[in-house]
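Observations on the model geometry
Chain residues, written in single-letter form:
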Amino acid sequence: MAMVDVIISCLDSIRQISWHIEGATVYLDGGCTESFQFLGAYPLLLELGAHAVCSLENMSSLDMVVNWSVSFHSARKVVVFTSRLLSDAHRYILRCLNTHQNANQCTIFTSISEIAHSAYPNSPLGPDAFHEYKSLLIQDYEELLKRSDVKSRQSGESTSKENLTSEDEGWSQITTSEEDISPHKSGSVAKDLYEDESIGHAEDVRKKLVVSVHHFPLILCPFSPRVFVLPSEGSVGEAYLSTKHEDSLSPGLPPLSTGSPPDGEDVPPGATLTAQFLYHLAAKMDLKMEIYSLGDLSKTVGKLLTDMSSLYDVGRRKRSAGLLLIDRTLDLLTPCSHGDSLIDRMFSVLPRRQRATSSFHTKGSQTQLKDGPADLQRAPLDVQIPLVKFLGEEDSTLENFRLLENTEAFLHGWNSSDTSLRTLEFLSHSTKLHGEKSFTYESKLLNGSFVSAESFRGTPFLEAMLDRRTKDGAILIRKWLQETFRRENVNVNVKIRPGSVTKSELQSLIKALARSQPSLIRNKGIIQLAAATLYALDELYSAKWDAFISAEKMLNVSAGDTSQSLAAQISDLINKSALVGSQGKNSGLTEPSDGLISFQDALLLTIYGYILASENFPTSGFSGPFSWQEEHFTKEAIVDAVLENPRLAQLKFLRGLTEELQANFNKKKLDVAKEESPSQLPTGDFEDDTWGSWGDEDADENIKKEQVYGDMQLKLELRDRVDNLFKFLHKLCSLKERNLPLRGGALGMENNFSGDSYSSKGLIYKLLTRVLGKHDIPGLEYHSSTVGRIFKSGFGRFGLGQAKPSLADQNVILVFVIGGINAVEVREAEEALSESGRPDIELVLGGTTLLTPTDMYDLLLGESSYF
C-alpha cells in the first residue's frame, strides 16, 4: 500500500487537470503562489504545456507576449488558480480578462468548495456558487467590453485601460495603484502587439467567452511529505477562528475551551472552511477518517466533518485513518517559546516575501463581515534567502556577477528589434548594478526560497531539517555540502573542524560551490539552505535567540519555586529592557543589539511567565497568581519603562498617548539639562532681574501646578492602560482552569508520565504519548460515522452497538492543530512516535499556519489581538 505523501497528492492533482493547463497562460494568486513554491510545481506547470506562470494580483501586459509564437486563430486560454473566495478574487480575474481580450476560454480553479461559498457569512453566492459566478463574470466582462468599445469610438483609438471602480461593476473596488496598470504601459513591444490585435481583430475579441469554474482543494504548503500548513494569503488561513468575547484571545486563535462549542450562527468562518478543507483533503488522498477532537472549536469542526460524511462515503473502499483535531489555545506556551530548532530560527529571522495584497478585506471586499474582525493577516511563509549577501562579496567571481546581469536582462524585457537601444539600456543597468543601490537591486533579482520537493540523494532537505536541533541541523548541512563537493569532483581548501559548525566554514563552502553558474544552478537547493542557516546563525540574530532561551530557562526555574520568585524575574526582565531602551535612545539606536532584550521582547517573556504561572500555581485565576504587592512592582516597572522611552507608544495597548509621552519626555530632558548647566547671570544685572521678576512668582507657581497636574493625568491614563494589560494577562493565567481538557492537570497526573522530560514537552507530544499507549484522555471526543450513529440510535437497544474505536489502532494518523504549529512540535511528534515502538504508523502533522514567537506576540498583544 502506498505511503501517505501530501506532496505527491498535490502534484498528482495538478497532473489530473493537464488538459486545462496545456497551451494556457496560468495565473496564481498570492496563496497559490506560496503553495506552488513549496511544492516545486512551477516546472510541472511548464512541463504540462503552460505558456507562462504569472501573478494574478501583480499582472502585467507583458504576460501577453508569451503568445507571440502561437497562431492567432488557435484557442487562447487563461487558467486562474485562487485560494480565495471567488467574490474576493473577482476584481483580479476581471482585470486579467480585460488584459487578455483575445482569450476565448477562461478556466478558474478555486480551493474553496461550492458548499463553503454558500455557507460563508454574507456571501453573494448560493448553493450553485460556481454556475452563479460563471454567469456574473461573463456579464461583468461583456459590460466591460461594451464600455471599452464606446470609449474607443469616442477617443478614435483602441484602448484597453478601464476604470473598474464603478459602484455597479463587480463586487470590489480596485485601488489606484492597480488601476494604473494597463496592458500597454509596461513596454513598447506589448503595446504594439496589443493595439494591432485589438484594432485588426475586433470581431474576434468579442467572441463568446467560455468560462468554467472548478474546485481544486489541494492548495497547501508542505514542508515535507507529512508536514503541511495552509497558505498565509488564502481564505482558509485568514478566516477568523473566534469572535470577540470574554473567552477569545485573537481572531487567529480558537476561543478558550469552556465546554460550550460554538454552534449554528455562532460558528466562525474559519471553522467551516477548515472542515471543508480537511474533508476534501481526505477525499483526494482516498482516506476514510475516524475523527477525534480536543477543544471546543475542534469539536465544532469535527461535527461539521461528520455531518459532511454520507453512506456513500462509508461504503467506498478507502484506507482507514484517524484524524485528531486540537485547539491551539490548549497549549500557548510551546509556540511562545524559543525552542532548539534550526527551522524555527530560520523562519523567525529571514525576511519574508511581501504580501500580494496588503489588506484584502479593508479595500471593499464583499466578504468583509459585520460581526467579525476587519482583517486577519498571517505572516507570509515564503522566506527570501539573501543569496547576494553571501555571493556578492568582493572576492566572488565574475561569473556570478554575469548571472545577476543575465537575470536582470531577462526580467527587463529587452526590445530585440532595436539593438542599439538594447546596448544602451544594458550598459545603463550594468552601471546601476555597480552603483550605490546595487546591493538592494541585486537582492531583488537573486533571492532564494525553500522548496520542499528539492532533495539530496532522495532525502528532501526540509524534511530532514524539520526535526533537527540547531547544532545537529548545521552539522548535517555541512555534511551535505562536503558530499556535494565530492560529487562535483571539486577540491576545497577549507579547514573543517569536528564538532560545531562555524560561520566562516559555511560561508567558504557556499562561495566555493557557487563559484560557477552551472554549479550554482545544479546545487541551488543545498546552497539556499546553507545560506539560510548562515543567516540564522549570524551573531546579530543568534545572540538574541540565545538570550530568549536563557530568560525562558530562568522563568521555568522560578516557576518551579514560588510565585514571588517568578514575579521578581518578570520585573527584572522589564527593568533591564527599559535600561537597554534608554541607552539605545541616547546612542541613537532604534533596536537593541548584541542579544539584548527589548521592551517588546520583555512583554513576550511576561506572557510566557504568566502562562507558566497558570500551569504551576493552580490557585491562580482571574485575580492572577501573584500578590497585589508583587504585581504592583511589575506594573510600575512597565510604567517607568514607557515614560523613559516614548517610542513604546507605538505598541497597540498604548496608542493614543504618543504626543503626551513625547512631550513629557522632552520636558524631563529639558529639566535635566537645566539642572546640569544652570544659567550664569552677570553680577550687575542681578538686582534689576530680581525686581523685574518680583510680580511673576505667582504665575510661575501656577505653571508648575499645571505641569504637575498634566504629569499626574498622564500617569493615571498610563496606569489604566497597564491595568488593562494585566487583566489580559490574568486571562492567560486562567487557561488551565478555564480549558476543561486541562483542568486539574489531567494530562500529566499518572505515574507513567512523570519526570522532567515529559513535563517539559508540548501538548502534541503528551497527547500522542497517551494515545499510542492507549491511555484515556479527558475531554477527547470521538465523532461517530454515519453507520456508527445508526447503530448507536437504532440497533444499540438490541445489544448491537458499535464499540468506540481507538486512535492507536489506525495505521495512518493525521494531527491537525487549529491555529498553527511550529517546528519544535514536529520534532516532538516524531519523538513520541519513535518512543511508542510503532514504526508501522504513518503520522501526518498539519496546522493553520507556521507559528513563530513573533507571530504569537502579534496574535496576543499585536495587531491581530482582541486586546
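How each quantity is defined
- Residues numbered from 1 in each chain as written.
- Predicted model: local features only at pLDDT ≥ 70, side-chain atom pairs only at ≥ 80, totals over all residues.
- Heavy atoms only, no water.
- Helix = DSSP H or I, 4+ residues; strand = E, 2+ residues; numbered from the N terminus.
- Contact = heavy atoms within 4.5 Å.
- Areas by Shrake-Rupley, 256 points an atom, 1.4 Å probe, with all protein chains shown as cover.
- Pairing = 2+ DSSP bridges.
- Axes fitted to C-alpha atoms, helices over the stretch in contact; angles between N-to-C directions.
- Phe/Tyr/Trp six-rings, centres within 6.5 Å; stacked < 30°, edge-to-face > 60°.
- Lys NZ or Arg CZ within 6 Å of the ring centre and 35° of its normal.
- Expected span 1.5 Å × (residues − 1).
- Buried < 20%, exposed > 50% of the residue type's maximum accessible area, 1.4 Å probe, protein only.
- Parallel < 35°, antiparallel > 145°, perpendicular 65-115°, else oblique.
- Nonpolar A, V, L, I, M, F, W, Y, C, P; charged D, E, K, R; others polar.
- pLDDT = per-residue confidence, 0-100.
- Right-handed = clockwise from strand over helix to strand, strands pointing away.
- Salt bridge = Lys/Arg side-chain N within 4 Å of Asp/Glu carboxyl O.
- Core = buried A, V, L, I, M, F, W, Y, C linked by side-chain atoms within 4.5 Å.
- Polar contact = N/O pair within 3.5 Å; in protein donor to acceptor, adjacent residues only side chain to side chain.
- Disulfide = S-S within 2.5 Å.

Time to look at the overall build of the chain. Looking only at helices and strands, the chain features 38 helices and 14 strands. Taking as baseline every contact in the chain between residues at least 6 positions apart, the subset at least 24 positions apart corresponds to 80%. A total of about 39,600 Å² of accessible surface is found on the chain, and carbon and sulfur atoms cover 51% of it.

All right, on to the sheet that holds strand β9 (residues 319-327) then. Here we have seven strands laid out as an open sheet, ordered β6-β7-β14-β13-β9-β8-β12, and mixed in their pairing. Edge strands, defined here as strands with exactly one partner in the open sheet, are β6 (221-224) and β12 (781-783). With direction set aside, neighbouring strand axes in the sheet form an average angle of 25°. Taken together, the eight bridges between strand β8 (residues 287-294) and β9 define a ladder with parallel strand orientation. Bridging across to β9, Tyr292 finds its partner in Leu324. Contacts from helix α12 (residues 269-284) reach β7 (227-229), β8, β9 and β13 (812-818) within the one sheet, and its direction differs from that of β13 by about 160°. This element, helix α13 (residues 296-308), spans β8, β9, β12 and β13 of the sheet and lies at about 150° to β9.

Quick look at the packing of aromatic side chains now. Scanning the model with the defined rule gives 16 aromatic pairs in all. Considering the side-chain rings of Phe228 and Phe277, the 6.2 Å spacing of their centres and the 55° angle between planes classify their relative orientation as tilted. One end of the pair, Phe228, is in strand β7; the other, Phe277, is in helix α12, with 49 residues separating them in the sequence. Taken together, the ring pairs in this structure connect Phe36, Phe81, Phe109 and Phe216 into an aromatic cluster. The lysine or arginine in question, Lys635, covers the ring of Phe726, its NZ or CZ lying 5.5 Å from the ring centre. Above the ring of Tyr765, the side-chain terminus of Lys761 is found at 5.4 Å from the ring centroid.

Between its terminal C-alpha atoms helix α29 (residues 628-644) stretches 24 Å, which fits the 24 Å expected from 17 residues at 1.5 Å a residue. Buried residues of α29: Glu630, Glu631, Thr634, Ala637, Ile638, Val639, Ala641, Val642 and Leu643, and no others.

On to the environment of Ser760, then. Mapped onto the secondary structure, Ser760 falls in the loop between α34 (756-759) and α35 (763-772). Residues Ser760 and Thr334 lie 426 residues apart in sequence; the distance between their C-alpha atoms is 9.6 Å.

Put simply, helix α16 (residues 342-349) and helix α25 (residues 524-536) touch, their axes get as near as 9 Å, and they point 75° apart. Of the possible angle classes, the one that applies to α16 and α25 is roughly perpendicular. For the pair α16 and α25, contact is made by Leu342, Arg345, Met346 and Val349 and by Leu529, Ala532, Thr533, Tyr535 and Ala536, respectively. Tallied by class, the residues present in the contact of α16 with α25 amount to seven nonpolar, one polar and one charged.

The predicted model of the chain averages 77 in pLDDT, with 71% of residues at 70 or higher. Across residues 158-206, where pLDDT falls below 50, the model places 99 contacts with residues more than four positions away in sequence or in other chains. Across residues 429-443, confidence stays below pLDDT 50; counting only partners more than four residues off in sequence or on other chains, it has 21 contacts.

In this section: the environment of Phe347. Along the chain, Phe347 turns up in helix α16. When its relative accessible area of 1% is taken as the criterion, Phe347 is described as buried. The contact partners of Phe347, leaving out residues within four places of it in the chain, are Phe38, Phe223, Arg352, Leu381, Val383, Phe450, Leu850 and Thr852.

The element β8 is largely enclosed, with a buried count of seven among its eight residues. Here β8 runs beside β12; their pairing, made up of three bridges, is antiparallel. Bridging across to β12, Tyr292 finds its partner in Tyr782.

Its identity as a non-glycine residue notwithstanding, Asp286 has a phi of 60°, on the positive side. Note that Asp286 resides in the loop between α12 and β8. For Lys774, which is not glycine, the phi torsion reads 55° and is therefore positive. Following the sequence through the fold, Lys774 ends up in the loop between α35 and β12.

Here strand β3 (residues 77-82) lies mainly inside the structure; six of its six residues are buried. The side-chain alternation of β3 yields two buried faces, one formed by Lys77, Val79 and Phe81 and the other by Val78, Val80 and Thr82. Direction of pairing for strand β1 (residues 24-28) relative to β3: parallel, over a ladder of five bridges. Note on β3: the bridge partner recorded for Leu28 is Phe81. When β3 meets strand β4 (residues 105-110), the two strands line up parallel, connected through six bridges. Looking at β4, one finds that Lys77 is bridged to Gln105. Each parallel crossover has a hand, and for β3 linked through helix α5 (residues 86-99) to β4 it is right-handed.

The first and last C-alpha atoms of α13 sit 19 Å apart over 13 residues, in line with the 18 Å expected at 1.5 Å per residue. Among all positions in α13, only Asp296, Leu297, Ser298, Thr300, Val301, Gly302, Leu305, Thr306 and Met308 are buried.

In sheet architecture, strand pairing relies on hydrogen bonds along the backbone and comes in two forms, parallel and antiparallel. The strand order across the open sheet built from five strands is β2-β1-β3-β4-β5, with neighbouring strands paired in parallel fashion. Lying at the two open borders of the sheet, with one neighbouring strand each, are β2 (52-55) and β5 (210-215). Averaged over neighbouring strand pairs, the angle between their axes works out to 20° when direction is ignored. For β4 and β5, the ladder comprises six bridges, and the chain directions are parallel. Across the sheet, the residue bridging to Thr107 is Ser212, located in β5. Contacts between helix α3 (residues 30-39) and the sheet are confined to β1 and β3, with β1 contributing the most and set at about 100° to the helix.

In this section: the pattern of salt bridges. This structure, assessed with the given rule, holds 28 salt bridges. The salt bridge involving Glu781 is made with Lys299; its shortest N-O contact spans 3.8 Å. With Glu781 in strand β12 and Lys299 in helix α13, the pair connects residues that are 482 residues apart, well separated along the chain. Overall, the relative accessible area of 33% leaves Glu781 in the partly exposed class. The salt bridge involving Asp601 is made with Lys544; its shortest N-O contact spans 3.1 Å. Linking Asp601 in helix α28 (residues 599-616) with Lys544 in helix α26 (residues 539-559), this pair joins segments that are 57 residues apart in sequence. Look at Asp601 and you get buried, because its relative accessible area is 12%.

A word on the nonpolar core. Judged by nonpolar contacts, the single largest core of 75 residues is most densely connected at Phe223, Met346, Phe450, Ile477 and Trp480. If you tally residues by element for this core, the top one is α25, at nine residues. Setting aside its immediate chain neighbours within four residues, Ile477 contacts Leu342, Met465, Leu506, Ile526, Leu529, Ala530 and Thr533.

Attention now moves to the side chain of Asp382. Along the chain, the position of Asp382 falls in the loop between α16 and α17 (388-391). Here the side chain of Asp382 touches Ser449 through a polar contact of 3.2 Å, side chain to side chain. In this structure Asp382 touches Glu34, Gln37, Phe38, Arg352, Arg353 and Ser449, once residues within four positions along its chain are discounted.

This paragraph deals with the environment of Glu246. Tracing the backbone through its elements, the reader meets Glu246 in the loop between α11 (235-238) and α12. Separated by 620 residues in sequence, Glu246 and Tyr866 have C-alpha atoms that sit 9.8 Å apart. Residues within four places of Glu246 in sequence aside, it is in contact with Lys731 and Arg738.

In this section: the state of the cysteines. As enumerated under the stated definition, the model contains zero disulfides in all. Cysteine Cys106 remains unbridged, with the sulfur of Cys96 as its closest cysteine sulfur at 6.5 Å.

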